Amino acid sequence: MWIVVHIAPNQAMAELLKNLLTEEGFLVQIRPLGVPHMGAANQFELLVPRSEAREAQEILMEKWPV
């Protein structure tokens, strides 16, 4: 099962964070949140396998603090 670990404000940020997590060895999926408007979604969910969720969130907070 896949778990949402972060919601990115746009696709570019989602791709950047996906690459960060992938470089750390995580499996990552990106999924648009909501209904795309004119072919583009406003926000994107980053998902990882449930067993990796806590560690992925820690990596995000460490390397990409908000």
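## Structural notes on the overall build of the chain
Part 1 of the reasoning: In terms of regular secondary structure, the chain is built from 2 helices and 3 strands.
Part 2 of the reasoning: For the chain, the proportion of its 66 residues judged to be buried stands at 29%.
Part 3 of the reasoning: Long-range contacts, defined as pairs at least 24 residues apart, comprise 68% of the intrachain contacts of the chain with a sequence gap of at least 6.
Part 4 of the reasoning: Counting every atom, the chain has about 4,600 Å² of accessible surface; 54% of that belongs to carbon and sulfur.

## Things to note about the pattern of salt bridges
Should the charged atoms of two oppositely charged side chains come close, the side chains can pair.
Part 1 of the reasoning: Applying the stated criterion across every chain, the model contains 2 salt bridges.
Part 2 of the reasoning: Where Lys63 meets Glu24, a salt bridge forms, and the shortest distance between an N and an O atom there is 2.9 Å. Residue Lys63 is located in helix H2 (residues 53-63), and its partner Glu24 is located in the loop between helix H1 (11-23) and strand E2 (29-33); the two are separated by 39 residues in the primary sequence.
Part 3 of the reasoning: Taking relative accessible area as the criterion, Glu24 reaches 38% and is therefore assigned partly exposed.
Part 4 of the reasoning: Arg31 is the partner of Glu45 in a salt bridge, and the nearest nitrogen-oxygen pair spans 2.7 Å. Of this pair, Glu45 sits in strand E3 (residues 43-49) while Arg31 sits in strand E2; the two residues are 14 residues apart in sequence, bridging distant segments of the chain.
Part 5 of the reasoning: Classification of Glu45 by relative accessible area gives buried; the value is 11%.

## A look at the environment of Leu17
Part 1 of the reasoning: Relative to the elements of secondary structure, Leu17 occurs in helix H1.
Part 2 of the reasoning: Note: C-alpha distance between Leu17 and Lys63 (46 residues apart in sequence) is 9.7 Å.
Part 3 of the reasoning: Each residue touching Leu17, except ones within four places of it in the same chain, is listed here: His6, Leu46, Leu60 and Trp64.

## A few points about the environment of Val48
Part 1 of the reasoning: Summarising the element assignment, Val48 is placed in strand E3.
Part 2 of the reasoning: Judged by its relative accessible area of 0%, Val48 is buried.
Part 3 of the reasoning: Along the primary structure Val48 and Ile30 are separated by 18 residues, whereas in three dimensions their C-alpha atoms are 9.1 Å apart.

Rules and cut-offs
- Residues numbered from 1 in each chain as written.
- Predicted model: local features only at pLDDT ≥ 70, side-chain atom pairs only at ≥ 80, totals over all residues.
- Heavy atoms only, no water.
- Helix = DSSP H or I, 4+ residues; strand = E, 2+ residues; numbered from the N terminus.
- Buried < 20%, exposed > 50% of the residue type's maximum accessible area, 1.4 Å probe, protein only.
- Contact = heavy atoms within 4.5 Å.
- Areas by Shrake-Rupley, 256 points an atom, 1.4 Å probe, with all protein chains shown as cover.
- Salt bridge = Lys/Arg side-chain N within 4 Å of Asp/Glu carboxyl O.

Any functional reading would require information beyond the geometric quantities listed.
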